[in-house]
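Coordinate inspection notes
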Number of protein chains: 2
Amino acid sequence: MSESLQRQPAEASGKVRIFPAAADARDAAPPAPAPRRPRVVIVGAGFGGLEVARALRRSEAEVTLVDRRNHHLFQPLLYQVATAALSPGDIAWPVRSVFRGQQNVTVLMTEVNGVDLAARVVRDGTVELPFDFLVLATGSNHSYFGHDEWERFAPGLKSIEDATSLRQRLLSAFERAELATDPAEQRRLLTFVVIGGGPTGVEMAGAISELAHRALPAEFRRVDPGTARVVLVEAGPRILPSFPEELADTARRSLEGMQVEVRTAARVTRCDERGVTLGDTERLEAGTVVWAAGVVASPAAAWIGAEHDRAGRAVVGPDLSIPGHPEVFVIGDTAAARDNTDRPVPGIAPAAKQMGQYVGKLIAARIAGRPDPAPFSYRHHGDLATIGRKSAVVSLGRMRLTGFPGWLFWCLAHVWYLIGFRSRVVVAFDWLWSYVTAQRGARLITGRRP
Amino acid sequence: MSESLQRQPAEASGKVRIFPAAADARDAAPPAPAPRRPRVVIVGAGFGGLEVARALRRSEAEVTLVDRRNHHLFQPLLYQVATAALSPGDIAWPVRSVFRGQQNVTVLMTEVNGVDLAARVVRDGTVELPFDFLVLATGSNHSYFGHDEWERFAPGLKSIEDATSLRQRLLSAFERAELATDPAEQRRLLTFVVIGGGPTGVEMAGAISELAHRALPAEFRRVDPGTARVVLVEAGPRILPSFPEELADTARRSLEGMQVEVRTAARVTRCDERGVTLGDTERLEAGTVVWAAGVVASPAAAWIGAEHDRAGRAVVGPDLSIPGHPEVFVIGDTAAARDNTDRPVPGIAPAAKQMGQYVGKLIAARIAGRPDPAPFSYRHHGDLATIGRKSAVVSLGRMRLTGFPGWLFWCLAHVWYLIGFRSRVVVAFDWLWSYVTAQRGARLITGRRP
């Protein structure tokens, strides 16, 4: 990006100001003078950021949506790309396509690295984006609890690149086992450890087990992928801590039925290129280790020097703005929010969407001169986790679903979401089709070799 | 891969011999002693290599198919991944899946780097694969005619990684143009140069033009992708030299109708990060340059110390074996073959498939003690090239098709091929569906930033 901006007449500040340009002004270069319309800058095109922009579709606002990626990622399904059930294109869509029809949204692909609250500009090192309202929705990253050196050996899952490189590791492990002649090495290569018993870890372990025990055995001649060992390691007393206990028990039994070893109350004390160590002594020699244990907020709170909690999440008020700056909002995984009953808001997609919808409505109201809506209140719809292909645990208020009915509900929920999201039925069924048929094409080993 | 092999009891040679294991012997580790059945090693799972293995399905042979990738790539459609019309999974399939049902084929993913003709083994640095019959089908790479330093600026298109990184460059050019404030820089970023007027270059130029002029304009606010400039540069007197002249003229007119500038008799004398130079003086400032100009054979000929032509292709006899080694065959782009009428065999997919079928049948005959088939004769079915989405030029013997009928024929030809290849109708229509609907999901910018 920078190259494209260094070669232009520098202003006094040495910075270049970019103003959102209305579609009809697209030929105006150098950029037209600042429009009168209030400027809303949204950083992050995740679940939260998209909802803010969408909620402003009938507003006077000139919206600029900034992301370092060109695509919105449906993160809850990322584990399926990592395990070769879906292709990246099935769960990610260009942000531009999403707002193709919403003319007051300008999408910019660049990496923001700072905010000047006094000057009311967002910076990416070269460009300055002035704002009247700012929404920070930059999400979270993996946390290795002070052991960042483990990331090399136990990668986490946040981006398409994370997923395709994990897919490369998983599939290469089977390939290397087929080549190996030392039985011990073959066993190591066919041992997979997933660290973290939350929904991602559970779904990951189930998906790896299906890949090894169902999809691959018929295709190998020298090793039997069916003998693969999949271990799910959780430091806490049980998996799926956010779920009702009986559902967590059901999930555990389903996993064990799929030959996944579930190890609770087991703490990882070491990760290296040959496997992991549990507690003081127990050693798991493994060819592939996956990190699904913890997250830390993106540095947005630091950009604005806001008060933040131990996970780095900015503390926000009842309207999700930061103290002293009613025009600056933080939402999603980046925010330490409490709803109107003072319960902490969980770091999950539906919460991010609700926060985005709320802030979008609030900004629209302020621009229109209407009174602010009531303080943000979070509505918890429930918890879902799939366990392999045809089973899931679902908790919705008093309703509980498990096994195949749970899985059907899970599918419908996603199809419903995708229709709402892309407002194109065909895409949703495209996705369902890819998922149900488990197209082989997803099983590609790509990227530079490890 | 090597790691998995360094940790095992080294033999006298310090090498480890791998023998294909029958499916029922998959638990036998360390590997079972050499089976009596004749061993056929095929290096390369492209169009040629796959056909050899398939032609041996009813033979006594123990077939080992080696490739450094885990997938067979449908290279003729690679340009569509590079231009975001298709996803990688639409045009690549795990080699293992292809031979799932053929028990006498063992697939190994490793990179061969040498052949010992005297000892009759193939080497990858760690493993030794003994053979009774060897087929080298390792394909070709780009050639920069002595200007390898151009590759950084003008990447070619041979692998999935090439395609996704070119896709990243193409799409990022539009993103950077949207961010740029200097009109000259915006023009540069929206200028795309394709070097080489063969089918790949023609298809590439057409696809880039459609991306810029049809798919993207509605999604940008500050620049108009519709103003993008696409230049196709060919050193020779006309594009599509292998096609009948009137079809080449039709193709040129179609391209020009799609706002592609076709520059024939124009020689590239320089490539750099800002664009290309034509002849002595003419400068094209461009944000993206694509190389589709030349290929050179893979180093297989060098491995076996065989006589080769200037393009590095091994000179083979009428049965496609190399002189003095009736058990060693070279096929596809790696071979300088002449058919029974002494015409050179072109380096295209159908030729590679015919050579593979021939060599497979010949080896099967020798193993069965039957006489060799007649010398290889190549049957040229025709030439096809698409020009953007709904148009193509087709030359089949005396038949000529252009425009939409040509495109329909092109689609049917591919569906037909895919059905034959995957023997699964659903996959073929999956592909056709992705292609016709041009699913947005393919438009992802992934991979480390340039």
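The present account deals with the structure reproduced in this document. (Residues numbered from 1 in each chain as written. Chains lettered and ligands numbered in written order. Predicted model: local features only at pLDDT ≥ 70, side-chain atom pairs only at ≥ 80, totals over all residues. Heavy atoms only, no water.)

Our next topic: the overall build of chain A. Counting its secondary structure elements, chain A contains 13 helices and 26 strands. The buried share of chain A, reckoned over its 450 residues, is 58%. For chain A, the proportion of contacts with a sequence separation of at least 24, taken over those separated by at least 6, is 64%. When the accessible surface of chain A is summed, it comes to about 17,500 Å², and 53% of that surface belongs to carbon and sulfur atoms. (Helix = DSSP H or I, 4+ residues; strand = E, 2+ residues; numbered from the N terminus. Buried < 20%, exposed > 50% of the residue type's maximum accessible area, 1.4 Å probe, protein only. Contact = heavy atoms within 4.5 Å. Areas by Shrake-Rupley, 256 points an atom, 1.4 Å probe, with all protein chains shown as cover.)

Inspection of the secondary structure puts B:Gly139 in the loop between β10 (133-136) and β11 (140-142). For the pair formed by B:Gly139 and B:Ser298, sequence separation is 159 residues and the distance between their alpha carbons is 5.8 Å.

Okay, the sheet that holds strand β25 (residues 392-396) of chain B next. All names here are of chain B. Across the sheet, which stays open at both edges, the three strands sit in the order β24-β25-β26 with antiparallel pairing between neighbours. The open sheet is flanked by β24 (383-386) and β26 (399-401), the only strands paired with a single partner. Direction aside, neighbouring strands of the sheet carry axes that sit 5 degrees apart on average. Across three bridges, the pairing between β25 and β26 is antiparallel. Across the sheet, residue Val394 finds its bridge partner in β26, namely Leu401. (Pairing = 2+ DSSP bridges. Axes fitted to C-alpha atoms, helices over the stretch in contact; angles between N-to-C directions.)

With that settled, consider the sheet that holds strand β2 (residues 39-43) of chain B. Residue and element names in this part refer to chain B. Reading across from one edge, β6-β3-β2-β10-β22-β21 is the order of the six strands in this open sheet, with mixed pairing throughout. In this open sheet, the two strands that pair with only one neighbour each are β6 (105-109) and β21 (321-322). Taken together, the three bridges between β10 and strand β22 (residues 325-330) define a ladder with parallel strand orientation. Across the sheet, Leu134 pairs through a bridge with Val328, a residue of β22.

Another point: the pattern of salt bridges. Residues and elements named next belong to chain A. Under the criterion given, the structure shown has 54 salt bridges over all chains. We note a salt bridge from Glu161 to Arg69, for which the minimum N-O separation is 2.8 Å. With Glu161 in helix α6 (residues 160-179) and Arg69 in the loop between β3 (62-67) and β4 (71-73), this pair connects stretches of sequence that are 92 residues apart. For Arg123, the salt bridge goes to Asp116, with nearest N and O atoms at 3.6 Å. Through salt bridges with shared partners, a single ionic network connects Glu185, Arg188, Arg270, Asp272, Arg274, Arg283 and Glu285. (Salt bridge = Lys/Arg side-chain N within 4 Å of Asp/Glu carboxyl O.)

As a further point, take the environment of A:Gly388. Of note, A:Gly388 is situated in the loop between β24 (383-386) and β25 (392-396). Separated by 282 residues in the primary sequence, A:Gly388 and A:Thr106 place their C-alpha atoms 39 Å from one another.

What follows covers the packing of helix α2 (residues 47-55) of chain A against helix α11 (residues 349-368) of chain A. Residues and elements named next belong to chain A. Here α2 crosses α11 at 30 degrees, and the two axes come no closer than 7 Å. The orientation of α2 relative to α11 falls into the category roughly parallel. The interaxial crossing formed by α2 with α11 has right-handed handedness. Residue-level contacts link Phe47, Gly48, Glu51, Val52 and Ala55 of α2 to Ala349, Ala352, Lys353, Gly356, Gln357, Gly360 and Lys361 of α11. (Parallel < 35°, antiparallel > 145°, perpendicular 65-115°, else oblique. Left-handed = near helix turned anticlockwise from the far one by under 90°.)

A few words now on the pairing of β25(B). Residue and element names in this part refer to chain B. Along β25, four of the five residues are buried, which leaves the element largely enclosed by surrounding structure. If you look at the hairpin formed by β24 and β25, you'll find five residues sitting between the two strands, and Gly388 has a positive phi there, around 70 degrees. With antiparallel pairing between neighbouring strands as the criterion, β25 and β26 make up a hairpin whose turn holds two residues, including Gly397 at a positive phi of roughly 50 degrees.

Per the counting criterion, the structure on display carries 18 aromatic pairs over all chains. Each ring, one from B:Phe47 and one from B:Phe74, has its centre 5.8 Å from the other, and the planes form 70 degrees; the classification is edge-to-face. Linking B:Phe47 in helix α2 (residues 47-55) with B:Phe74 in the loop between β4 (71-73) and α3 (78-82), this pair joins segments that are 27 residues apart in sequence. We classify B:Phe74 as buried; its relative accessible area is 5%. Connected via pairs of aromatic rings, a cluster forms that spans A:Tyr144, A:Phe145, A:Trp150 and A:Trp291. It is A:Arg96 that lies over the ring of B:Phe220; its NZ or CZ is 4.0 Å from the centre. (Phe/Tyr/Trp six-rings, centres within 6.5 Å; stacked < 30°, edge-to-face > 60°. Lys NZ or Arg CZ within 6 Å of the ring centre and 35° of its normal.)

Moving on, we come to unusual backbone geometry. Positioned with a positive phi, A:Arg120 is a non-glycine residue whose angle comes to about 55 degrees. Relative to the elements of secondary structure, A:Arg120 occurs in the loop between β7 (114-116) and β8 (121-123). On the basis of relative accessibility, which here comes to 34%, the residue A:Arg120 falls in the partly exposed class. Even without a glycine there, the phi angle at B:Gln259 is positive, about 65 degrees. Assignment of secondary structure puts B:Gln259 in the loop between α9 (245-257) and β14 (260-263). Among the residues examined, B:Gln259 registers a relative accessible area of 47% and is labelled partly exposed.

Here we take up the packing of α6(A) against helix α8 (residues 199-215) of chain A. All names here are of chain A. Packing of α6 against α8 brings their axes to within 12 Å, and their N-to-C directions diverge by 35 degrees. For the element pair α6 and α8, the recorded crossing hand is right-handed. Residues Leu166, Leu170, Leu171 and Phe174 of α6 lie in contact with α8, whose contacting residues are Met204, Ile208, Leu211 and Ala212. Here the residues of the contact of α6 with α8 are counted per class, giving eight nonpolar, no polar and no charged. (Nonpolar A, V, L, I, M, F, W, Y, C, P; charged D, E, K, R; others polar.)

Here the focus is helix α11 (residues 349-368) of chain B. Over its 20 residues, α11(B) runs 28 Å from end to end, which matches the ideal 28 Å to within 8%, given 1.5 Å per residue. Positive phi appears at B:Gly369, one or two residues downstream of α11(B), with a value of about 75 degrees. (Expected span 1.5 Å × (residues − 1).)

Turning to the side chain of B:Arg167, a few remarks are in order. Turning to its location among the elements, B:Arg167 is positioned in helix α6 (residues 160-179). Setting aside residues up to four positions removed in sequence, B:Arg167 forms contacts with B:Val81, B:Ala82, B:Ala84, B:Pro88, B:Ala442, B:Leu444 and B:Thr446.

Attention shifts here to the environment of B:Gln259. For B:Gln259 and B:Asp272, which are 13 residues apart along the polypeptide, the C-alpha to C-alpha distance reads 25 Å. Once you skip the residues sitting within four places of it in the chain, B:Gln259 turns out to touch B:His213, B:Gly226 and B:Val230.

Further remarks concern the pairing of strand β13 (residues 229-233) of chain A. Residue and element names in this part refer to chain A. By the criterion of burial, β13 is predominantly enclosed, with four of the five residues buried. With five bridges joining them, strand β12 (residues 191-195) and β13 adopt parallel strand pairing. Each residue of the ladder has a partner; that of Thr191, found in β13, is Arg229. Chirality of the crossover, the property in question, places the unit of β12, α8 and β13 among those that are right-handed. (Right-handed = clockwise from strand over helix to strand, strands pointing away.)

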